Amino acid sequence: MIPIQIIPFPRHRKLKKKLLKKIKKKTDWYHIEHEDDGPDILGPLTDWDTYEEDAEWPEYFELFMDEVEEDITDIIQGFGLKSIEYTTCWFQQYHKKYEHGWHFHGSTLYHAIYFLELPEGTPATLCKFPGGIEFTPNVQEGDILIIPAIIEHCSPPNASDNRKTIIAVNIDEAEDY
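Residues numbered from 1 in each chain as written. Predicted model: local features only at pLDDT ≥ 70, side-chain atom pairs only at ≥ 80, totals over all residues. Heavy atoms only, no water.

### A few points about the pairing of strand 4 (residues 84-94)
Next, step 1: Most of strand 4 is tucked away: 9 of the 11 residues are buried.
Next, step 2: With 2 bridges joining them, strand 3 (residues 45-46) and strand 4 adopt antiparallel strand pairing. Its bridge partner lying in strand 4, T46 is registered against Q92. (Buried < 20%, exposed > 50% of the residue type's maximum accessible area, 1.4 Å probe, protein only. Helix = DSSP H or I, 4+ residues; strand = E, 2+ residues; numbered from the N terminus. Pairing = 2+ DSSP bridges.)

### Let's talk about empty space enclosed by the protein
A water-sized probe, rolled over the atoms, reveals where empty space remains.
Next, step 1: Across all of its chains, the model carries 1 cavity of 30 Å³ or more by this definition.
Next, step 2: Quantified by volume, the largest cavity comes out at close to 120 Å³.
Next, step 3: Taken together, 15 residues form the lining of the largest cavity, with Q92, Y94, I113, H153 and I166 sitting closest to its centre.
Next, step 4: Residue assignment for the lining of the largest cavity shows that the elements contributing at least two residues are strand 4, strand 5 (100-103), strand 6 (110-117), strand 10 (152-155) and strand 11 (164-173).
Next, step 5: Looking at side-chain class alone, the lining of the largest cavity contains 6 nonpolar, 8 polar and 1 charged residues. (1 Å grid on protein atoms, 1.4 Å probe; cavity = no way out; pocket = protein on both sides within 12 Å on 5 of 7 lines; lining within 4 Å. Points joined across faces, edges and corners; volume = space filled by probe spheres on them. Nonpolar A, V, L, I, M, F, W, Y, C, P; charged D, E, K, R; others polar.)

### Points about the packing of helix 1 (residues 12-25) against helix 2 (residues 59-78)
Next, step 1: For the pair helix 1 and helix 2, interaxial distance at closest approach is 8 Å and the crossing angle is 155 degrees. Our classification of the angle between helix 1 and helix 2 gives roughly antiparallel. Each of L15, K18, L19, K22, I23 and K25 in helix 1 lies in contact with helix 2, whose residues at this interface are E59, Y60, L63, F64 and E67.
Next, step 2: Residues that form the contact of helix 1 with helix 2 fall into these classes: 6 nonpolar, no polar and 5 charged. (Axes fitted to C-alpha atoms, helices over the stretch in contact; angles between N-to-C directions. Parallel < 35°, antiparallel > 145°, perpendicular 65-115°, else oblique. Contact = heavy atoms within 4.5 Å.)

### As for helix 2
Next, step 1: Taking 1.5 Å of rise per residue, the 20 residues of helix 2 would be expected to cover 28 Å, and the 28 Å separating its terminal C-alpha atoms lies within 8% of that figure.
Next, step 2: A bend of about 60 degrees at V68 is the largest found in helix 2.
Next, step 3: Those residues of helix 2 that fall on the buried side of the exposure criterion are Y60, F61, L63, F64, M65, V68, I72, T73, I75 and I76.
Next, step 4: Where the residues of helix 2 are buried, they touch strand 1 (5-8), helix 1, strand 4, strand 6, strand 9 (143-148) and strand 11. (Expected span 1.5 Å × (residues − 1). Bend = angle between axes of the 7 residues up to and from the residue.)

### Comments concerning the sheet that holds strand 8 (residues 134-135)
Next, step 1: On the basis of which strands lie adjacent, the open sheet formed by 4 strands has the order 5-10-7-8 and antiparallel pairing. At either end of the open sheet lies a strand with only one pairing partner, and these are strand 5 and strand 8.
Next, step 2: Where strand 7 (residues 126-128) lies against strand 8, 2 bridges are found, and the strand directions are antiparallel. By the bridge assignment for strand 8, C127 is matched with F135.

### Considerations on the pattern of salt bridges
Next, step 1: Summed over the entire model, instances satisfying the criterion amount to 6 salt bridges.
Next, step 2: The salt bridge involving E59 is made with K22; its shortest N-O contact spans 3.1 Å. Here the residue E59 occupies a position in helix 2, and K22 occupies one in helix 1, the gap between them amounting to 37 residues.
Next, step 3: Between E59 and K25 there is a salt bridge, with its nearest N and O atoms 3.4 Å apart. Highlighted residues: E59 in helix 2 and K25 in helix 1, separated in sequence by 34 residues.
Next, step 4: Residue classification places K25 among the exposed positions, given a relative accessible area of 55%.
Next, step 5: Taken together, the salt bridges that share partners define one network made up of K22, K25 and E59. (Salt bridge = Lys/Arg side-chain N within 4 Å of Asp/Glu carboxyl O.)

Shown next, in the form of structure tokens:
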């Protein structure tokens, strides 16, 4: 069985505006480019590549993790890792027609996605098991999806006029364990 977990972020309603405000303050975001997919493919806004190892976490991520780190850690440890570290974090925003093609996170063990904004009509993450079986986890705004990093996933094109925003983090076994 492949371990997948969906948990609600208990303070989502209370912190949503603060998190979005902190993301908006960032100036080092950019569009993910999809050179192989053609010029009509619009990638999401993100700060994926702007985090430097051993740097401080972005303000939005600090606020988020202050609230959920213990919950995520408990789940990951329940999957069998005894000591974990959060290695990379980022946000992505999907406006109309924005999408992110199939990919997986090969240099980490687990991946968590927090659906900060997922209004009606915006697509949730689509996942693909090894072997090609596709499924859409039953997530809603305010949920955190935790999946093994080997599961391919994508964000289908956003056909809605509403924006989708996620905060994501890669999770590994701590090296000092």
